[in-house]
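Take a look at the letters that make up each chain.
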Amino acid sequence: MNPWREVPTLAGRHVTLRPMVREDRAGLLDAFAGLRHLFHTTVPSDASIDAWMDRIDNDVAAGRGLPFTVLDSEGRIAGATRFLRMSKGHRRVEIGGTLYAPRVQRTGLNTEAKFMLLRHAFEVLEVNCVQIRTDFLNVASRRAIERLGARLDGVLRGHLILNGHHRDSVVYSILAHEWPGVRRNIELLMARYEGAPA
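Treat the numbers as computed from the prediction; the structure is a model and nothing was measured.

Thresholds applied
- Residues numbered from 1 in each chain as written.
- Predicted model: local features only at pLDDT ≥ 70, side-chain atom pairs only at ≥ 80, totals over all residues.
- Heavy atoms only, no water.
- Helix = DSSP H or I, 4+ residues; strand = E, 2+ residues; numbered from the N terminus.
- Buried < 20%, exposed > 50% of the residue type's maximum accessible area, 1.4 Å probe, protein only.
- Phe/Tyr/Trp six-rings, centres within 6.5 Å; stacked < 30°, edge-to-face > 60°.
- Axes fitted to C-alpha atoms, helices over the stretch in contact; angles between N-to-C directions.
- Parallel < 35°, antiparallel > 145°, perpendicular 65-115°, else oblique.
- Left-handed = near helix turned anticlockwise from the far one by under 90°.
- Contact = heavy atoms within 4.5 Å.
- Nonpolar A, V, L, I, M, F, W, Y, C, P; charged D, E, K, R; others polar.
- Pairing = 2+ DSSP bridges.

**A closer look at the environment of Ile95**
Summarising the element assignment, Ile95 is placed in strand β5 (residues 92-100). Given a relative accessible area of 2%, Ile95 falls into the buried group. Ile95 sits 28 residues away from Pro67 along the chain, and the two C-alpha atoms are 10.0 Å apart.

**Some remarks on the packing of aromatic side chains**
In the structure shown here, the tally under the stated rule is four aromatic pairs. With centroids separated by 5.8 Å and ring planes inclined at 90°, the aromatic side chains of Phe32 and Trp52 adopt a geometry described as edge-to-face. Pair noted here: Phe32 is in helix α1 (residues 25-32) and Trp52 is in helix α2 (residues 49-61), with a separation of 20 residues, a long-range link. Trp52 shares its class with Phe32; the two are buried.

**What to know about the packing of helix α3 (residues 108-123) against helix α5 (residues 179-191)**
Running from N to C, α3 and α5 point in directions that differ by 155°, and their axes come no closer than 10 Å. Taken together, α3 and α5 sit at an angle that is classed as roughly antiparallel. The handedness of the crossing between α3 and α5 is left-handed. Residues Thr111, Glu112, Phe115, Leu118, Arg119, Phe122 and Glu123 of α3 lie in contact with α5, whose contacting residues are Trp179, Arg183, Ile186, Glu187, Leu189 and Met190. Split into classes, the residues belonging to the contact of α3 with α5 amount to seven nonpolar, one polar and five charged.

**Here we look at the pairing of strand β8 (residues 165-175)**
Burial runs high along β8: eight of the 11 residues are buried. Relative to β8, strand β7 (residues 151-162) is paired through eight bridges, and the arrangement is antiparallel. Residue pairing in the sheet places Leu160 in a bridge with Arg167 of β8. Counting the residues in the hairpin turn of β7 and β8 gives two residues, including Asn163, whose phi is positive at 55°.

Interpretation note: all reported values are geometric properties and have no functional meaning in isolation.
This is how it looks when you write it as structure tokens:
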């Protein structure tokens, strides 16, 4: 198995990340249904999800992405996330394209999902750097990223136009030498969710 080209299945207590397949279409649309109000990211609809999946497939074929369907602790589709902007030569990946159903937001699911992705990136892919980006105006996302222990690299002003919104993208990163400390921090965060609903 080439870990830079094949999507693994990553299983935890609150969440399982498995390879995204076309048969997930209906479940993903159900998970995304409560996200239509978001202006700072692209939320696939029935009309756009096939093109969205085509772009993801193209990234996989080019070695730039590994997409996951997110399952909650009951095995229901709860969203999607992926490695993107992958560069084996530069030993770097980005975690992004993350969309969760409202029912699993602010639970242990996201923290554990990020932990498993970061662990895979640093301990299997052996990257030097993991980036995470979000909209400057998405304060909840920024707080969640900072809580993990990622450090602010900067703001890409006027970076994207999404749904007519001119987005400033905030870029965070974690470097390989920082991973042991970040790992311990996230393990402590996850311990707070023990016994909590996922």
